[in-house]
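# Architecture and fold: a report
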Amino acid sequence: MARYIIRRVLQIIPILLGITIISFAVIHLAPGKPTDLMLQLNPKIEYEAREKLERIYGLDKPLYAQYFDWLKKLMRLDFGNSFTDNRPVIDKIFERLPVTLLINFLAMAVILIFSIPIGVKSAVKRGSFFDKVMTVLVFIGFAAPGFWLALLLMSFFGVRLGILPVSGIVSLDFENFTLSHKTVDLLRHLILPVSVASIGGVAGISRYMRQSMLGVISQDYIRTARAKGLSERTVIHKHALRNALLPIITILGLSIPALISGSVILETIFGIPGMGRLMVEAVFTRDYNVVMAGLVISAFLTLAGNLIADIAYVYADPRIRYDKISRPVR
Amino acid sequence: MTKKLLRNKLTLFGAGIILLLVLIAVFAPYITKYDPTCINIQDALLRPSLEHPFGTDSLGRDLFTRIIYASRIALLIGFVAVGLAAAIGVFFGSVAGYFGGKIDSAIMRFADVMLCFPAFFLILAVIAVVGPGIFNIMVVIGLTSWMGMARLIRAEILSLKTRDYVLASRSLGASNFFIITKHLIPNGIGPVLVSLIFGVAGAILTEAGLSFIGLGVQPPDPSWGNILMEGKAVMGAGWWVILFPGLAILITVLAFNLFGEGLRDALNPGKS
Amino acid sequence: MILKVEDLKVRFKHDNETVKAVDGIDFTVHKNEIVGLLGESGSGKTATALSVMNLLPRKDCVRYGKIIKNSGIAMIFQEPFTALNPVLRVGEQVDEAAPAGETISKKDAITKTLALFEKVKLNDPRRIYDSYPHLLSGGQRQRVMIAMALALSPGLLIADEPTTALDVTIQAEILDLILALKKEFGMSVLFITHDFGIINKVTDRIIVMKDGKIIERGAKDSVLFSPEEDYTKKLLDAVPRMGARFSTSRGESPFSGGTPGNEAFSRRNIVINLKNLSKTFTVEKGVFGKSPGRVQAVRDVSLEIKEGKTLGIVGESAAGKTTLAKLLAGLIKPDTAGNRFQPGAGPSGVKSVPAREIQIVFQDPYSSLDPRMRMQDIVLEGPVIRGIKKRAREKILRETLFRVYLNLRDGMKYPHQFSGGQRQRIALARALAVKPRILILDEPVSSLDVVIQSEILNLLKAVQKELALTYVFISHDLAVVERMADDVAVMHKGEIVEFAPIAQIYRSPKHPYTKRLLADASGLHIPG
């Protein structure tokens with residue numbers, strides 16, 4: 001088991017490398033130089049000044065040399081400085097990252113809490129009223145754009161009813177609150193974004209859960225369990241559920257990038273200072289250092305999440321954990 | 001299989017809506033007499049009426065018209081982007097699945113790396129460099145969503161290439177190209193087609209999202225996303241500017257999803 | 001009386017059609033007897049068993065009739081590989097099984113389970129208890145299933161084809177076990193199977209089913225050896241018998257169609273001469289990165305295949321027969337270059353033109369035809385690849401279909417519209433369309449019902465004679481091989497342990513493995 005973990009971690013290294021290469025390539029393969037925008041704003045800059053600027057940023061070197069320079073800095077977590085305010089990129093990211101992570105974790109928790117029971121019930125009571133209603137809701141959840149739902153909810157709960165805050169992560173005078181008041185304030189601000197963020201996930205995962213359960217229920221070993229005279233409840237919860245949950249672990253891992261992607265628009269709508277909004281701002285201002293850093297870090301988060309999901313899966317599925325080659329029973 | 005497809009009412013419903021949308025998009029100028037970009041400030045933010053079934057936006061433009069013209073863009077981007085993704089994905093996936101070994105590893109590693117990037121982030125990054133616009137979005141979405149289809153066709157080919165009829169074909173003297181094109185792809189394309197339909201839905205949502213934050217279709221070209229963006233600013237004053245474009249997206253994506261689900265059911269040898 | 005079934009009817013709804021799986025049957029099972037429920041696929045035998053056990057699917061299924069049970073009933077199934085929950089330990093799954101209404105403490109349950117494991121002759125019961133299903137062999141899993149059934153203290157055990165998925169030697173062991181347990185526990189058994197050999201070995205009474213109805217019933221000997229109904233007679237005729245050609249008691253029977261007994265190898269042309277052929281596969285690294293295993297599928301095989309004759313290759317599963325078939329057909333490359341093929345065939349790899357004159361017919365009629373191609377396109381695939389013109393192709397199509405008794409008009413149909421037997425004919429036609437000299441037949445009839453088997457075997461013999469073909473006939477069923485082969489090679493774990501003309505193999509086998517194989521097989525077949 002430990003050997004597996006080590007192997008997987010080692011396998012990540014080439015992928016990390018690949019991530020850095022792509023992140024670098026995306027920005028640098030475009031026509032023009034990153035400094036062009038800066039200089040465009042002031043066409044009167046002389047040729048020498050332009051050259052000097054390029055040398056400072058290392059843009060006169062060949063592409064691969066630039067890449068290695070950047071990579072070396074990366075390993076020290078130095079992503080360079082932001083073009084907009086010249087602060088170190090890494091600082092800006094560390095400011096924003098926790099918020100995004102918080103929202104996504106909460107969303108993930110909400111998704112799990114709701115989608116698994118819904119999926120199981122839909123499968124066990126296939127064709128029932130509950131199943132049909134859930135199916136309709138799921139389809140709508142898939143098809144409705146998150147930001148639209150956010151707008152609707154905002155206008156309803158926020159503007160009309162006025163009970164939930166519609167922007168920011170904390171109120172203006174947060175600093176002066178007591179600890180409990182701070183917690184409540186934070187939670188109130190989080191309700192809408194987390195809800196909207198989890199709708200797509202609940203729809204998707206409950207669907208997968210349903211499918212997985214249906215697949216498992218038709219398996220031979222469920223027939224065996226029933227033949228043994230076990231109660232239907234035991235059959236479903238002990239025998240079926242454990243098998244049906246296995247693929248869900250993988251699916252969860254695979255849906256991490258989707259959650260992070262969703263952050264972009266959500267944070268923009270709700271005015272939340274997170275990674276997603278940072279990325280959007282960076283795109284508008286052509287702040288390439290921030291963009292590259294955003295790519296690398298978000299991809300890394302996805303990778304980490306997938307690694308955890310893989311290890312969890314291997315642990316959970318005895319067919320893989322106890323591999324025939326290592327422990328045959330004769 | 002077609003029988004099964006036709007029997008499912010929801011699937012037919014989805015397909016029907018898609019057809020309707022395509023017709024609306026194509027015949028847009030005949031359906032509405034307004035010009036989608038003609039500004040008319042005195043008619044700003046009118047409620048829905050017979051004259052303006054969906055009301056008007058903050059610049060006095062007929063909302064119904066804008067939404068219909070936006071459907072052209074949505075469908076165009078959806079189909080082209082996914083078509084591109086499919087072409088790339090099927091190519092890479094079949095080559096990887098059939099030849100295996102180092103080629104497979106290399107291609108799949110590449111796909112794995114690409115899959116680590118949250119789609120939106122990657123798309124934003126590229127747009128940061130090449131700028132927004134209809135053509136750019138189409139290409140970017142296509143270039144960043146081929147991985148799913150590549151994996152699908154690769155999985156199909158991996159399992160199909162050991163089938164006896166492939167062995168028989170080889171024994172009869174078939175070349176690799178013959179086997180891939182005549183046996184493997186026709187039998188394995190099913191899941192890719194399903195993925196394609198869902199992909200169009202996804203592309204439409206992505207485009208809407210991009211336009212909503214201003215990095216997609218640029219005004220004055222109408223896109224459901226940028227109509228919503230303009231609507232957000234006047235949220236309190238006109239609920240119709242937010243409701244209708246969102247509904248348009250909802251119905252379109254729903255239609256594709258229903259059709260895709262139906263296709264997936266039809267392709268799977270029946271559930272017991 | 002343990003079980004009484006009265007006027008049982010089971011209807012399934014499938015795609016808007018109602019299928020009468022069981023159409024009004026009555027029967028009784030008494031104490032201490034083994035009743036065989038015999039029938040081909042689709043006869044309703046499994047549906048009957050599921051009805052008795054209340055395991056019919058909830059949806060789209062209706063059951064009528066009366067079932068009276070006088071004791072607990074347990075059931076074991078055909079596929080031991082999927083009958084156990086893969087994520088729970090095996091012992092725990094047996095612990096769960098308790099007779100209705102009885103509660104038993106966890107500790108007692110474990111003791112009981114371990115005791116049962118000993119009863120079913122599993123070595124090292126504790127280790128088995130702690131294992132997960134995928135770590136056990138098919139035979140072990142089936143024993144676990146039997147233990148699970150016994151834990152329910154049943155008066156009746158329903159066994160639905162429990163040995164069909166197992167190798168011949170294991171089959172014999174499991175059957176012996178069931179017989180022994182029946183004696184010890186005073187259990188009755190309802191044994192469901194399509195295999196006459198098993199019926200002969202195990203049962204007291206027989207019930208024959210067809211299309212959901214009972215066709216004939218009676219004591220075993222009277223049904224097997226003096227059947228009354230036509231259908232039963234037809235079934236029995238089609239069954240391959242052991243010793244039909246080479247019964248040691250009767251000497252040479254008029255059945256022989258091949259080379260007679262103790263002659264030296266005939267002086268026919270040797271068309272393929274294999275020497276020291278080997279093929280090793282590397283097993284992929286396990287998830288935990290253990291060193292890659294190597295499997296020697298084919299080990300140092302030397303064979304001579306004579307023109308116009310049939311070489312039979314027998315062995316159990318995983319003996320290497322299919323690998324050998326693929327090597328012969330040129331579909332995979334051998335390890336060493338230490339082999340020689342005669343002209344007309346080449347040991348080529350996958351990329352170069354494979355041996356054009358060696359073609360192969362596979363076992364599974366369902367996966368050997370491309371489901372998206374029309375029948376005539378399938379048959380003509382070879383000629384199309386070789387660039388033969390349309391007019392000539394039509395002629396080939398007509399001739400080949402005629403030869404295998406298929407209708408030209410069915411050419412536009414797709415594989416799923418044909419039966420298993422017809423699909424094998426299509427596969428045969430496809431191979432014949434390129435005029436091969438040698439035909440490799442890898443278990444060509446193993447997936448077919450007994451009556452169809454017989455038809456296809458007859459067809460194969462006729463075609464061989466007409467076209468002077470050389471056959472390599474691979475099978476695990478010794479009775480079938482007895483019928484078809486002239487020479488026989490016995491394979492075990494990748495090696496040829498014995499290679500001789502058929503009479504010698506069947507009458508006086510030399511290698512201990514061959515002897516064991518023959519003994520087990522005879523026990524499972526009806527004497528000819």
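About the thresholds
- Residues numbered from 1 in each chain as written.
- Chains lettered and ligands numbered in written order.
- Predicted model: local features only at pLDDT ≥ 70, side-chain atom pairs only at ≥ 80, totals over all residues.
- Heavy atoms only, no water.
- pLDDT = per-residue confidence, 0-100.
- Helix = DSSP H or I, 4+ residues; strand = E, 2+ residues; numbered from the N terminus.
- Contact = heavy atoms within 4.5 Å.
- Pairing = 2+ DSSP bridges.
- Axes fitted to C-alpha atoms, helices over the stretch in contact; angles between N-to-C directions.
- Buried < 20%, exposed > 50% of the residue type's maximum accessible area, 1.4 Å probe, protein only.
- Salt bridge = Lys/Arg side-chain N within 4 Å of Asp/Glu carboxyl O.
- Polar contact = N/O pair within 3.5 Å; in protein donor to acceptor, adjacent residues only side chain to side chain.
- Buried area = accessible area lost by both parts, 1.4 Å probe.
- Nonpolar A, V, L, I, M, F, W, Y, C, P; charged D, E, K, R; others polar.
- Core = buried A, V, L, I, M, F, W, Y, C linked by side-chain atoms within 4.5 Å.
- Parallel < 35°, antiparallel > 145°, perpendicular 65-115°, else oblique.
- Left-handed = near helix turned anticlockwise from the far one by under 90°.

### As for the confidence of the model for chain A
Residue and element names in this part refer to chain A. This prediction gives chain A a mean pLDDT of 82; 85% of its residues lie at or above 70. Within chain A, the lowest mean pLDDT, 58, falls on helix 2 (residues 36-40), and the highest, 90, falls on helix 5 (residues 89-124). Segment residues 325-330: pLDDT under 50, and 16 contacts once partners within four positions in sequence are set aside and those in other chains are kept.

### Description of the sheet that holds strand 17 (residues 487-492) of chain C
The pairing of strands in a sheet happens through backbone hydrogen bonds and is either parallel or antiparallel. All names here are of chain C. Taken in spatial order, the 6 strands line up as 14-15-16-12-17-18 in an open sheet, and their pairing is mixed. Single-partner strands in this sheet number two, and they are strand 14 (358-361) and strand 18 (495-501). Within the sheet, the average angular offset between the axes of one strand and its neighbour, ignoring direction, is 15°. Two strands pair when backbone bridges link them, and strand 14 and strand 15 (residues 438-442) are joined in this way by 4 bridges, in the parallel orientation.

### Some remarks on unusual backbone geometry
Omega for the bond connecting B:Pro219 with B:Pro220 falls within 30 degrees of zero, at 5°, which places this linkage in the cis form. Tracing the backbone shows B:Pro220 in the loop between helix 10 (176-212) and helix 11 (224-233). Here the phi dihedral of C:Asp7 falls at roughly 50°; this positive angle occurs in a residue that is not glycine. Structurally, the position occupied by C:Asp7 is in strand 1 (residues 3-14). For C:Asp7, a relative accessible area of 38% puts it in the partly exposed group. In this model, C:Asn54 sits at a positive phi of 65°, which is unusual for a non-glycine residue. You can call C:Asn54 exposed: its relative accessible area is 57%.

### Overview of the pattern of salt bridges
All names here are of chain C. The tally for this structure, following the rule as stated, stands at 29 salt bridges over all chains. Of the charged contacts in the structure, one is a salt bridge between Lys395 and Glu399, with a shortest N-O distance of 3.5 Å. Placement of the pair is Lys395 and Glu399 together in helix 13 (residues 390-403), with a separation of 4 residues, close to one helical turn. When its relative accessible area of 49% is taken as the criterion, Lys395 is described as partly exposed.

### Regarding the side chain of A:Ser115
All names here are of chain A. Assignment of secondary structure puts Ser115 in helix 5. Owing to a relative accessible area of 0%, Ser115 belongs among the buried residues under this scheme. A polar contact of 2.7 Å, which involves the side chain of Ser115, links it to the backbone oxygen of Ile111.

### Some points on the interface of chain A and chain B
At the junction of the two partners, chain A supplies 48 residues and chain B supplies 43 residues. Summed over both partners, the interface of chain A with chain B comes to about 3900 Å²; 81% of that surface belongs to carbon and sulfur atoms. If you look at where chain A meets chain B, you find 0 salt bridges. The tally of links from chain A across to chain B stands at 6 residue pairs in polar contact (both at pLDDT 80 or more). Those elements that place two or more of their residues in the side of chain A that touches chain B are helix 1 (2-28), helix 6 (129-143), helix 7 (146-160), helix 8 (179-217), helix 11 (256-270), helix 12 (275-284) and helix 13 (288-316) of chain A. Taken together, the residues of the side of chain A that touches chain B sort by class into 34 nonpolar, 11 polar and 3 charged.

### Some details on the nonpolar core
In terms of nonpolar packing, the biggest core is built from 167 residues, with A:Met213, A:Phe270 and B:Leu124 touching the most fellow members. What B:Leu124 contacts, discounting residues up to four positions off in sequence, is A:Val264, A:Met279, A:Val280, A:Val283, B:Leu210, B:Ile213 and B:Leu215. Core analysis: the next-biggest nonpolar cluster, separate from the first, contains 71 residues, C:Leu50, C:Val52, C:Leu122 and C:Ile128 among them.

### Looking at the environment of C:Val223
Residues and elements named next belong to chain C. Along the chain, the position of Val223 falls in helix 8 (residues 220-225). With relative accessibility at 2%, the residue Val223 sits in the buried group. Between the alpha carbons of Val223 and Phe27 there is a distance of 16 Å; along the sequence they are 196 residues apart. Apart from the residues within four sequence positions on either side, Val223 is in contact with Ile206, Val208, Arg217, Gly218, Thr232 and Leu236.

### Regarding the packing of helix 13 of chain A against helix 6 (residues 119-130) of chain B
Here helix 13 of chain A crosses helix 6 of chain B at 160°, and the two axes come no closer than 10 Å. In terms of orientation, helix 13 of chain A lies roughly antiparallel with respect to helix 6 of chain B. Crossing of helix 13 of chain A over helix 6 of chain B shows left-handed handedness. Residue-level inspection shows A:Tyr288, A:Val291, A:Gly294, A:Leu295 and A:Ser298 of helix 13 of chain A in contact with helix 6 of chain B, the latter providing B:Phe121, B:Leu122, B:Ala125, B:Ala128 and B:Val129. Split into classes, the residues belonging to the contact of helix 13 of chain A with helix 6 of chain B amount to 8 nonpolar, 2 polar and no charged.

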